[in-house]
Amino acid sequence: NAGVTQTPKFRILKIGQSMTLQCTQDMNHNYMYWYRQDPGMGLKLIYYSVGAGITDKGEVPNGYNVSRSTTEDFPLRLELAAPSQTSVYFCASSYHYNEQFFGPGTRLTVL
Amino acid sequence: DQQVKQNSPSLSVQEGRISILNCDYTNSMFDYFLWYKKYPAEGPTFLISISSIKDKNEDGRFTVFLNKSAKHLSLHIVPSQPGDSAVYFCAASNAGKSTFGDGTTLTVKP
């Protein structure tokens, strides 16, 4: 039981490049989330999903896109990367409204 | 407008003493409150939670208190141990979406 896995662990992008952050969970959770954490700050919700085929915006969705074609996977797409997207990205999953299980994070730098 | 606030960025306590971490919220629609612990270079891990219909929940050394009228919750750790040194995030939830505070860094000195 691996829990929530995220790839890659680190990435450096140039301004204007695109990338997809991968997230997979093996707990059969319906709810999945993407957060970003800037230095000294809390986690800000980017997008979330309550089940396959259903996604919704969180607090800071601009510049990101998501899809949820399966229960297990919830990739986050960055189009036209900007320096403001330099952050640590965490994926999480939960069973209904309960506590969330987090992945180890992806540290992204945009130069 | 920050809906969940942790006003103390850091807290230092002696091993064996009590650690009290505080959290305030503004949205009365929040119905579930959680505390997470985070070590450097790792994702947050769930610690303890409380429903809005309760005022206290205890799990071993950890107790969470909720004061709905004051829109305030606190996490008590007794006794504190050096391994408790981490960043603690308070989160408030409504309809499955959680809003996080900025965290309090707890340092427990041996």
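Residues numbered from 1 in each chain as written. Chains lettered and ligands numbered in written order. Predicted model: local features only at pLDDT ≥ 70, side-chain atom pairs only at ≥ 80, totals over all residues. Heavy atoms only, no water.

What about the side chain of Ser93 of chain A?
Residue and element names in this part refer to chain A. Counted only if it meets this: Each helix corresponds to a stretch of at least 4 residues labelled H or I by DSSP, and each strand to a stretch of at least 2 residues labelled E; elements are numbered beginning at the N terminus. Nitrogen and oxygen atoms within 3.5 Å of one another constitute a polar contact, given that in protein one can donate a hydrogen and the other can accept it, and given that sequence-neighbouring residues count only through two side-chain atoms. Contact criterion: two residues are considered in contact whenever any of their non-hydrogen atoms come within 4.5 Å of each other.
As for its position among the elements, Ser93 is in strand 9 (residues 87-94). In this structure the side chain of Ser93 is engaged in a polar contact, spanning 2.8 Å, whose partner is the side chain of His29. Every residue in contact with Ser93, bar those within four places of it in the chain, is listed here: Val4, Gln25, Met27, His29, Tyr31, Met32, Tyr33, Glu99, Gln100 and Phe101.

Observations concerning the state of the cysteines
Residues and elements named next belong to chain A. The cut-off we apply is this: Note on terminology: pairs of cysteine sulfur atoms within 2.5 Å are recorded as disulfides. Remark: exposure states derive from per-residue accessible area (1.4 Å probe, protein chains only) relative to the maximum for the residue type, with buried under 20%, exposed over 50%, and partly exposed in between.
Under the definition given, this model contains two disulfides over all chains. Disulfide pairing places Cys23 opposite Cys91 at an S-S distance of 1.8 Å. The chirality of the disulfide connecting Cys23 with Cys91 is left-handed, given an S-S dihedral of about -70°. Linking Cys23 in strand 3 (residues 19-25) with Cys91 in strand 9, this pair joins segments that are 68 residues apart in sequence. On the accessibility criterion, Cys23 (1% relative accessible area) is buried.

Let's talk about the packing of aromatic side chains
Quick note on the threshold: Geometry of aromatic contacts follows a simple scheme: Phe, Tyr and Trp rings, the Trp one being its six-membered ring, pair when their centres are within 6.5 Å, and the pair is stacked under 30 degrees between planes, edge-to-face over 60, tilted otherwise.
Summed over all chains, the structure comprises eleven aromatic pairs over all chains. Ring centres of Phe90 of chain A and Phe102 of chain A lie 6.5 Å apart, and the angle between their planes is 85°; on these two criteria the pair is classed as edge-to-face. Of this pair, Phe90 of chain A sits in strand 9 while Phe102 of chain A sits in strand 10 (residues 101-102), placing them twelve residues apart in sequence. The burial state of Phe90 of chain A is the same as that of Phe102 of chain A; both residues are buried. Ring geometry for Tyr36 of chain B and Phe46 of chain B: centres 6.0 Å apart, planes at 75°, overall edge-to-face. With Tyr36 of chain B in strand 4 (residues 32-38) and Phe46 of chain B in strand 5 (residues 45-51), this pair connects stretches of sequence that are ten residues apart.

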